[in-house]
Amino acid sequence: MSSRSDLVQHPRHVDLISSTLEQLGFQGDVSSDAAMRCTDEYIQEVLLFCEDHYIREWDLTERDSLRFFPLPPEALSSYLSSIGCPSSLAAPRRPSSGAVRSQALYWIVLTAASEAHADAVRSDVERAGAFPLGMKCSAVEDVVEATGALRRRYIDDLRELQHEINRRIGLAQEECLGRAGR
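Residues numbered from 1 in each chain as written. Predicted model: local features only at pLDDT ≥ 70, side-chain atom pairs only at ≥ 80, totals over all residues. Heavy atoms only, no water.

Once that is clear, we can look at the confidence of the model for the protein. Confidence in the prediction for the protein averages 80 pLDDT; 82% of positions are at 70 or higher. When pLDDT is averaged over each element of the protein, helix H3 (residues 40-55) comes out on top at 94 and helix H7 (residues 137-180) at the bottom at 78. (pLDDT = per-residue confidence, 0-100. Helix = DSSP H or I, 4+ residues; strand = E, 2+ residues; numbered from the N terminus.)

Right, here's the structure in full:
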């Protein structure tokens, strides 16, 4: 049983960590409870999965230092630094508070998700280039840019629609309040 100090102090991260790990295909415990406890063993298991499958920052021989249990604080610090983790989390010490462990886990999982997304985009672009459509890479980039512009315009249209709905709701409320006051 974990003590209160072992629990993650950033609960908004817990659900995001759990759902992201599930989407990435993590075979370990993806429950919110596991992410909330955020033990050293769990961090190491998630770190190895994310590094081996998605992040791939270190070559295979460097990763061996991440496989010792307990994970040496220097190895964890070095790894976190190499993936751009803020120095406040990558300090060469075993993260002691639940909040620090949670934030380190959060950083690792989101880095893996970012790499998975980048891999998917690269794959889509390569597939688009492989089709016999006569499209060169610049044509694919033009399509991506145009799609982004259409999305931004759609979002702007939705904002205008929401603004108009809010305005009309406000008018209706004023009318109802005016009648109730008579």
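A word on the environment of Val-30. Relative to the helices and strands, Val-30 is located in the loop between helix H1 (11-24) and helix H2 (32-37). Look at Val-30 and you get partly exposed, because its relative accessible area is 23%. Spatially, the C-alpha atoms of Val-30 and Thr-20 are 8.8 Å apart, while their sequence positions differ by 10 residues. When residues no more than four places from it in sequence are discounted, the contact partners of Val-30 are Ser-18, Leu-21, Glu-22 and Tyr-42. (Buried < 20%, exposed > 50% of the residue type's maximum accessible area, 1.4 Å probe, protein only. Contact = heavy atoms within 4.5 Å.)

According to the stated counting rule, one finds eight salt bridges in the structure shown. For Arg-37, the salt bridge is made with Asp-33, and the minimal N-O distance between the two is 2.2 Å. Separated by four residues within a single helix, Arg-37 and Asp-33 lie in helix H2, roughly one turn from each other. For Arg-37, a relative accessible area of 29% corresponds to the partly exposed category. In this structure, the salt-bridge partner of Asp-52 is Arg-63, at a minimum N-O distance of 3.2 Å. Of this pair, Asp-52 sits in helix H3 while Arg-63 sits in helix H4 (residues 60-63), and the two are 11 residues apart along the sequence. Judged by relative accessible area, which is 27%, Asp-52 ranks as partly exposed. Of the residues examined, Arg-63 reaches a relative accessible area of 8% and is grouped as buried. (Salt bridge = Lys/Arg side-chain N within 4 Å of Asp/Glu carboxyl O.)

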